[in-house]
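Topology and contacts: notes
So you can see what is in the structure, the chains are spelled out below.
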Amino acid sequence: MYRLYWNKDTGAFAPDVVLRLAGVPCERIRIDHLQGEHRRPDYLRLNPMGEVPTLVLPDGTVLTESAAMLLHLVDAHPQAGLAPPPGSADRARFDRWLLFMAVNLYGAALRQFHPERYTTDPAGAPGVKEVADRAVDRCWALIADALDPGPLLLGDQMTAADLYLLMLLTWYDFREEMPPLGTAWDRMLANPVVAETWAQYFD
Ligand SMILES: N[C@@H](CCC(=O)N[C@@H](CS)C(=O)NCC(=O)O)C(=O)O
């Protein structure tokens, strides 16, 4: 069985909703990172960066990095239909946007939320945040463009990349400023499994 280390309001939402949509049994272990549980030695042995989520595969393989978890799950459970087949042009687009969000947007979000971690000079933190603010805005504009014609990143089919997008969009509610984001949001939350999982993580 899979084992997912998760907490509310974290990136664990993305692998969790994919596991649920795939109908795959999974044990869930809560790691309260706000209480410092992600710094416990037993958790650091699994996830040396001390981050949530961590996914342990049925054979014991440990995965960190939420995007890597999605890439594994969509291929291990193709019947869920949450990614185009490997090697197809649509799969290349899927990989592109998933990695774009994981590297550029998630990365800029961390610099924006925790600028003090990215400078040795406390007085430099506001500058780090200002540059991160710009990077975040630019990333969202590119994602809104990628949702044309939409309604989702690859058209009509909801993929794991869209669900990753939903997780990030929950932290940045740009639905009014960028209507394609609102359309994608409504489309995903119309799925009852997505809505139920979202409510457990973010309500
Ligand atoms: N690259 C990692 C980032 C994970 C991450 O930053 N998780 C946050 C919660 S959403 C965390 O554990 N933060 C704890 C900390 O930074 O102290 C991934 O995509 O899984």
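Residues numbered from 1 in each chain as written. Predicted model: local features only at pLDDT ≥ 70, side-chain atom pairs only at ≥ 80, totals over all residues. Heavy atoms only, no water.

So, the domain arrangement of the chain
Threshold: Domains are outlined according to an automatic or database domain assignment. Pairs of residues are marked as contacts when any of their non-hydrogen atoms sit within 4.5 Å. By buried area we mean how much accessible surface two parts lose on assembly, using a 1.4 Å probe and totalling the loss over both. Whenever a carboxyl oxygen of Asp or Glu lies within 4 Å of a side-chain nitrogen of Lys or Arg, that contact is scored as a salt bridge. N or O atoms within 3.5 Å of each other form a polar contact, as long as, within protein, one can give a hydrogen and the other can take it, and as long as residues adjacent in sequence are counted only when both atoms are side-chain atoms. Secondary structure elements are defined from DSSP: runs of H or I of at least 4 residues count as helices, runs of E of at least 2 residues count as strands, and each element is numbered from the N terminus. Residue polarity is assigned by list, with Asp, Glu, Lys and Arg as charged and Ala, Val, Leu, Ile, Met, Phe, Trp, Tyr, Cys and Pro as nonpolar; anything else, Gly included, falls into the polar class.
The domains assigned to the chain are domain 1 (2-80) and domain 2 (89-191). The C-alpha centroid of domain 2 is placed 20 Å from the C-alpha centroid of domain 1. Each side of the interface is counted separately: domain 1 has 14 residues, and domain 2 has 14 residues. Across the domain 1/domain 2 interface, buried area totals approximately 1,100 Å², and carbon plus sulfur atoms make up 75% of it. A per-residue breakdown of the area domain 1 buries against domain 2 is headed by Phe 13, Leu 21 and Leu 71, which together make up 33% of the total. Scanning the region where domain 1 abuts domain 2 turns up 1 salt bridge. Between Asp 75 and Arg 91 there is a salt bridge, with its nearest N and O atoms 2.9 Å apart. Summed over the shared surface of domain 1 and domain 2, the number is 2 residue pairs in polar contact (both at pLDDT 80 or more). Counting only elements with at least two residues in the side of domain 1 that touches domain 2, the list comes to helix 1 (13-22) and helix 3 (66-76). Split by residue class, the side of domain 1 that touches domain 2 holds 9 nonpolar, 3 polar and 2 charged.

A short note on the environment of Trp 198
Mapping Trp 198 onto the fold places it in helix 8 (residues 192-202). Expressed as a C-alpha distance, the spacing of Trp 198 and Val 17, which sit 181 residues apart in the sequence, is 8.0 Å. If we skip the residues at most four places from it in the chain, Trp 198 touches Phe 13, Leu 166, Thr 170, Trp 185, Leu 189 and Asp 203.

A few points about the side chain of Arg 91
Counting through the fold element by element, Arg 91 comes out in helix 4 (residues 89-113). At a separation of 3.2 Å, a polar atom in the side chain of Arg 91 contacts the main-chain carbonyl oxygen of Pro 84. Ignoring any residue separated from it by four or fewer positions in sequence, one finds Arg 91 in contact with Leu 71, Val 74, Asp 75, Ala 83, Pro 84, Pro 85 and Pro 86.

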